[in-house]
Amino acid sequence: MPDLLARIDPDSPVLLAGPTASGKSSLALAIADAQGGTVVNADALQVFDCWQQLSARPDAAELARAPHALYGHVPYTAPYSTGTWLREVTPFLKSTRPIIVGGTGLNFTALTEGLADIPPTPEAVRTQANALPHAEKLAALDEETCARIDTLNPARVQRAWEVLRATGRSIADWQDETPPPLLPLNKATALVLNADKDWLNDRITRRFDQMLERGALDEVRALQTDWNPDRPSAKAIGAPELMAHLNGEMTLIEARERSIIASRQYAKRQRTWFKARMKSWHQIDASVPYI
């Protein structure tokens, strides 16, 4: 840890990305303990009020160690996007030394490279998109857009389809008119955790079991009478599987296995994104003892 801290300017904002279960929240808190600052969430699911365990939000003891922001403040019924997050993170860039941590690569890209000012998607277009198969939405996109997004991520494909449908322009066209970034990369210390697949897969399994032990199934049960799989909050890994178990569609053992597989697949997509988009970030070994 001393060697790592020596490379971090205590007056500089910190950006800390990493795949799920890699220990990035623990590292962010350690930096805050040593140097001060506010730990600011950049994870797309930790914003929702319904997922304390299932999204691995910081617990009460961790929250007491340092100021935290943008955790669990959004109603589970509400929409939430990268644009929303960018607006919410802006005040913390000016009022405190932020330690921005999360696994949602698009949030970091928007923050450090800018985000196109795309008009909101009409509800009718979103409803239409929800009803279309992933393959059909993907087939409608242009080659340039497909080269820029994670085509295996249903949410990213749907977003690109909605923009095309609502505005008549591809999301790539909008991105080419992107305004300047709120926090250029050269104004921050940017760290990304690298994780060996086997090491990370073991942590993913152990963490999901801990989630179950600490009440993740109860969190899902609380939404059973008001469950809408199209909500952003419903995309939490493990939520659809545990809901299927509660609805009698699979056993808890099956739900656990499928959730762990989904989490490993998500981690693989994250590692691919970080490798492609964060080559200039400082690379940190996630398996070292201080994580």
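Just so you know, these numbers come straight off a predicted model, no measurement behind them.

Peer 1: Sorry, what's going on with the layout of surface pockets here?
Peer 2: Over the atoms, a rolled probe matching the size of one water molecule traces out where space is still vacant. Taken as a whole, the second largest pocket holds about 230 Å³ of empty space. Elements with a contribution of two residues or more to the lining of the second largest pocket: helix 8 (143-148) and helix 14 (252-277). No other element matches the 7 residues that helix 14 contributes to the lining of the second largest pocket. In the lining of the second largest pocket, the residues fall into 5 nonpolar, 2 polar and 5 charged.

Peer 1: What is the right way to read the pairing of strand 5 (residues 189-194) from this model?
Peer 2: Remark: a regular strand shows side chains that alternate across the two faces of the sheet. Most of strand 5 sits inside the fold, with 5 of its 6 residues counted as buried. When strand 1 (residues 14-17) meets strand 5, the two strands line up parallel, connected through 4 bridges. From the neighbouring strand, V14 faces strand 5, where its bridge partner is T189. Judged from the 4 bridges that link them, strand 5 and strand 6 (residues 282-285) form a sheet pairing that is parallel. Residue N194 lies in a different strand from strand 6, and its bridge partner there is D285.

Peer 1: Would you mind going over the pairing of strand 4 (residues 98-102) with me for this structure?
Peer 2: By the criterion of burial, strand 4 is predominantly enclosed, with 5 of the 5 residues buried. Here strand 4 shows no split at all, with P98, I100 and G102 on one side and I99 and V101 on the other all buried. As judged from the 4 bridges shared by strand 2 (residues 38-41) and strand 4, these two strands associate in the parallel manner. The partner of V40 across the bridge, within strand 4, is I100.

Peer 1: I'm lost on helix 11 (residues 197-213) in this one. Help?
Peer 2: Since the α-helix turns once every 3.6 residues, residues separated by three or four places project in the same direction. Here helix 11 contains 17 residues, and its C-alpha end-to-end distance of 24 Å stays within 8% of the 24 Å for a straight helix at 1.5 Å per residue. Among the residues of helix 11, L200, N201, I204, T205, F208 and M211 are the ones counted as buried. What you see down the axis of helix 11 is that its buried residues fit within an arc of 140°, all on one side. Relative to its buried face, helix 11 has exposed residues pointing more than 90 degrees away, namely D198 and E213. Packed against the buried residues of helix 11 are helix 12 (216-221), helix 13 (239-246) and helix 14. Two to three positions downstream of the cap, the backbone nitrogen of D198 sits 3.1 Å from a side-chain oxygen, assigning the N-cap of helix 11 to D196. Positioned one or two residues after helix 11, G215 has a phi angle of 115°, which is positive.

Peer 1: Looking at this structure, how should I read the packing of aromatic side chains?
Peer 2: Across all of its chains, the model carries 2 aromatic pairs by this definition. Measuring from centroid to centroid gives 6.2 Å for F48 and Y80, while their planes differ by 70°, and the two rings are edge-to-face. A residue pair is termed long-range when its members are at least 10 positions apart, and F48 in the loop between strand 2 and helix 3 (60-65) and Y80 in the loop between strand 3 (68-69) and helix 4 (82-95) qualify at 32 residues. Comparing F48 with Y80 shows no difference in burial state: the two are buried. When the ring of F108 is compared with that of W281, the centres are 5.5 Å apart and the planes differ by 85°; the resulting orientation is edge-to-face. With F108 in helix 5 (residues 105-113) and W281 in the loop between helix 14 and strand 6, this residue pair connects regions lying 173 residues apart in the sequence. Relative accessible area serves as the criterion here: at 5%, W281 is assigned to the buried category. Positioned over the ring face of W174 is R169, at 4.3 Å from the centre of the ring. One cation-aromatic arrangement involves R277 over W273; the distance from NZ or CZ to the ring centre is 4.8 Å.

Peer 1: Help me out: how do you make sense of the nonpolar core in this one?
Peer 2: Side chains of a nonpolar character, in soluble globular proteins, are inclined to be buried together. Counting residues in hydrophobic clusters, the biggest one holds 69 residues, and the most contacted among them are L15, W51, L54, W85 and I100. Not counting residues within four places of it along the chain, the set of residues in contact with L15 comprises I100, F108, L111, T112, L183, L185, A188, T189, A190, L191 and W281. By size, the runner-up hydrophobic cluster in this structure holds 13 residues, among which are V125, V157, W161 and I171.

Peer 1: Would you mind going over the pattern of salt bridges with me for this structure?
Peer 2: Any two side chains of opposite charge can pair, on the condition that their charged atoms come close. Tallying each qualifying case throughout the model produces 11 salt bridges. Note that R148 is salt-bridged to E144, the shortest N-O span being 2.8 Å. Of this pair, R148 and E144 both sit in helix 8, 4 residues apart, which is roughly one turn of that helix. Residue E144 is classed as partly exposed on the basis of its relative accessible area, which comes to 42%. Here R256 and D209 are joined by a salt bridge, their closest N and O atoms 2.6 Å apart. Residue R256 is located in helix 14, and its partner D209 is located in helix 11; the two are separated by 47 residues in the primary sequence. With relative accessibility at 23%, the residue D209 sits in the partly exposed group.

Criteria and thresholds
Residues numbered from 1 in each chain as written. Predicted model: local features only at pLDDT ≥ 70, side-chain atom pairs only at ≥ 80, totals over all residues. Heavy atoms only, no water. 1 Å grid on protein atoms, 1.4 Å probe; cavity = no way out; pocket = protein on both sides within 12 Å on 5 of 7 lines; lining within 4 Å. Points joined across faces, edges and corners; volume = space filled by probe spheres on them. Helix = DSSP H or I, 4+ residues; strand = E, 2+ residues; numbered from the N terminus. Nonpolar A, V, L, I, M, F, W, Y, C, P; charged D, E, K, R; others polar. Buried < 20%, exposed > 50% of the residue type's maximum accessible area, 1.4 Å probe, protein only. Pairing = 2+ DSSP bridges. Expected span 1.5 Å × (residues − 1). Arc of directions from axis to C-beta. Contact = heavy atoms within 4.5 Å. Polar contact = N/O pair within 3.5 Å; in protein donor to acceptor, adjacent residues only side chain to side chain. Phe/Tyr/Trp six-rings, centres within 6.5 Å; stacked < 30°, edge-to-face > 60°. Lys NZ or Arg CZ within 6 Å of the ring centre and 35° of its normal. Core = buried A, V, L, I, M, F, W, Y, C linked by side-chain atoms within 4.5 Å. Salt bridge = Lys/Arg side-chain N within 4 Å of Asp/Glu carboxyl O.

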